[in-house]
Amino acid sequence: MADTAILHGAPTKTVDILLTEQAAKQPDALFAIFPGVTLTYGQVNERARAMAKGLIKLGVRPGDHIATLMPNCADWVLAYFAGLMAGAVVVALNARYKRQELGYALKHSDCRVLLTTDLIADHVDFVPLIRDSIEGLNDQTDPAALRLPNTPALTAMVLMGKGRQSPFLSTDALIALGDGVSDADVDDARAQRRVEDTSTIIYTSGTTSTPKGCELTHLGIQASWSTFANTVSLRPDETVWMPMPFYHTGGVGPMTTILATGASFMTQPHYQAEEAVELIEKHRIAHLYSGFPPLSITVIEHPRFNKESFSFVRSMLNVGPEALQRRLQAALPDHAVLLNLFGMTEGSGIVTFARWDAPLDVRAVSSGYPPENTQVRVCDPETNIEVPPGASGEIQFRGGGAFKSYYKDPEATAASILPGGWVKTGDRGQMDPDGALTFLGRIKDMLKVGGENVAAAEIEAFIQGLPGVKIVQIIGIPHKRLSEVPVAFVERDPGSQITEADVIAACKGELANWKVPRHVIFVTDWPMGTTKVQKFRLPEYLPADLVETA
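Computed from a predicted model, the values in this text were never measured in an experiment.

Enquirer: Looking at this structure, I do not really get the overall build of the chain. What am I missing?
Expert: Helix and strand content of the chain: 16 helices and 26 strands. The C-alpha radius of gyration computed for the chain amounts to 24 Å, which stays within 12% of the reference 24 Å derived for 550 residues, consistent with globular compactness. Overall size of the chain, expressed as C-alpha extent along the three principal axes, is 75 × 50 × 50 Å. Here the chain holds 550 residues, and 57% of them are scored as buried. When contacts within the chain are restricted to residue pairs at least 6 apart in sequence, those whose partners lie at least 24 apart make up 66%. Counting every atom, the chain has about 22,400 Å² of accessible surface; 50% of that belongs to carbon and sulfur. Where the 49 positive side-chain charges of the chain centre and where its 62 negative ones centre are 2 Å apart.

Enquirer: I tried to follow the sheet that holds strand β18 (residues 393–399) on my own but got confused; where do I start?
Expert: Sheets are built from strands that pair by backbone hydrogen bonding, the pairs being arranged parallel or antiparallel. Pairing in this open sheet of four strands is antiparallel, and the strands run β17-β18-β20-β21 from one edge to the other. Edge positions in the sheet fall to β17 (374–379) and β21 (437–442), since each has one partner strand and no second. Between one strand axis and the next, the sheet turns by 45 degrees as a mean value, whatever way the strands run. In terms of strand pairing, β18 meets strand β20 (residues 423–431) through four bridges, oriented antiparallel. Bridge pairing in β20 links Q396 to K424.

Enquirer: Hey, could you run me through the sheet that holds strand β9 (residues 212–217) in this one?
Expert: If you trace the eight strands from one edge of the open sheet to the other, you get β7-β6-β5-β3-β4-β8-β9-β19, paired in mixed fashion. Single-partner strands in this sheet number two, and they are β7 (169–170) and β19 (405–406). Bridge count between β9 and β19: two bridges; the pairing is antiparallel. Opposite C214, over in β19, you have Y406 as the bridge partner.

Enquirer: What's the story with the side chain of T155 in this structure? I'm lost.
Expert: Residue position: T155 is located in the loop between α5 (126–133) and β6 (156–160). Not counting chain neighbours up to four residues away, the residues in contact with T155 comprise R112, P143, A144, A145 and L146.

Enquirer: Is there a simple way to think about the pattern of salt bridges in this case?
Expert: Oppositely charged side chains can pair when the atoms bearing their charge come close. According to the stated counting rule, one finds 28 salt bridges in the structure shown. R193 is paired through a salt bridge with D197; the nearest N and O atoms lie 3.7 Å apart. The shortest N-O distance in the salt bridge between D427 and R442 comes to 3.0 Å. Linking D427 in strand β20 with R442 in strand β21, this pair joins segments that are 15 residues apart in sequence. Among the residues examined, D427 registers a relative accessible area of 6% and is labelled buried. Through salt bridges with shared partners, one network takes in R49, K53, D183 and D187.

Enquirer: I tried to follow unusual backbone geometry on my own but got confused; where do I start?
Expert: With the exception of glycine, the majority of residues adopt a negative phi angle, and the majority of peptide bonds are in the trans configuration. The omega torsion of the bond from S166 to P167 falls at 0 degrees, within 30 degrees of zero and hence cis. Its identity is not glycine, yet N384 carries a phi of approximately 60 degrees, on the positive side. For N384, the position within the fold is in the loop between β17 and β18. Overall, N384 belongs to the partly exposed group, its relative accessible area being 23%.

Rules behind the numbers
- Residues numbered from 1 in each chain as written.
- Predicted model: local features only at pLDDT ≥ 70, side-chain atom pairs only at ≥ 80, totals over all residues.
- Heavy atoms only, no water.
- Helix = DSSP H or I, 4+ residues; strand = E, 2+ residues; numbered from the N terminus.
- Rg over C-alpha atoms; globule rule 2.2 N^0.38 Å.
- Buried < 20%, exposed > 50% of the residue type's maximum accessible area, 1.4 Å probe, protein only.
- Contact = heavy atoms within 4.5 Å.
- Areas by Shrake-Rupley, 256 points an atom, 1.4 Å probe, with all protein chains shown as cover.
- Lys, Arg positive; Asp, Glu negative; His and termini not counted.
- Charge placed at Lys NZ, Arg CZ, Asp CG, Glu CD.
- Pairing = 2+ DSSP bridges.
- Axes fitted to C-alpha atoms, helices over the stretch in contact; angles between N-to-C directions.
- Salt bridge = Lys/Arg side-chain N within 4 Å of Asp/Glu carboxyl O.

Read these as layout, nothing more, since geometry by itself doesn't imply function.
Below, the structure written as structure tokens:
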């Protein structure tokens, strides 16, 4: 199937306007599917408008910030669109934040209202986390007029779900506050927002410094994710499995293009492979936007998943090394297409995307091609001079979903956005003569072994292809003579008996000696960020004496 143009030209409407238009056309059509809960376009539009009136009554004005702290759930969808309808910027906070991270983000983002939920209190209770993160909260008596010394912008909090706790407003109380706010007031707030304005702030994970608030626009998110809809020819009667968190571009981005096309999506507050497979089968989901191996593998290789029973699947998206891509494609129905991309928060999620009709040899190795609205180049990271096809360098891009700025951080913004609008990614890659981009890893994800530069991604790609290997990550550990040496962290396939000796023996003769891991550490779980393994935490998994005896 060739690419089909679904969305034409640059977006001209804010995301919330798209919702209202779809609700007028198909109010009873499903938009969101959660375990045990569904939302139609009409329900989301009606409930979000009622909540938007309450936000306006609380003093939220066009351009103000409101924040969400929730997992993937119906409450998040309603809070997100309520914020946009009030003319606000939605700060999508990571639901895995702890006290220090949450306290920093709430203060830095200048949000006026925080919306959370008690939906998953048995798993994560956000209320005590919020109390512990905000100084002076327990002294408040008026939930609609908080006065907090260290978070002065925050004046109200809403606890959605079933609970009633001080000093939080309930959803019903928020809606009741808005009784005196008219539809015209909401429409006026929305009319003051433009497609070029910031719609969402997502904080990038900070490994060596505090997180940065990445400002994404209505225009950028739509421009970026129309690529997905166009590539798979997304139809209004189709559903997309979308397990990525809403506070990630892999969540809010697909949701936006699904909304624009009138389709629906399915997700879960907590990812569980068994439940995901059941829902995929029940709703006959056409597109599996899993994104990353820990999600993709557990569904595709689940005992219940087979080509015949899941023949309704048309596509799957996974970002991974060649061996894994080929393995996943082989497990899909014969007519289904495995896709790949290169993306980042600063690109609203998509910078390059695989072509539907590209051969597997291209889709398995490369991250695809720039869409028409995006330019991509590979440059010397020091000089920013473009290198020829086939040479490696830093991936840079402009147009498409390029972010607006880092909130309140002009220095970081200037360091990332070059004159001419080119965004530095910090990632290594190379372009082939046809314009396909191959991702080669983070520029800083390089080991220095006895004077030789070694890309962790190269070793990972080889080990990933070994029978019995599910996921692999490579880091360097200090070495007295060689400066550092590679160590492999491996998660085995279920039932696999692959050993450290097997991995090292396979690498010898196939990789240069300095690239062969000195040790293999087998793990069953990983320190995860929003979507990726946090490599900087892997040294915590090393035996205590390993570095000393290296």
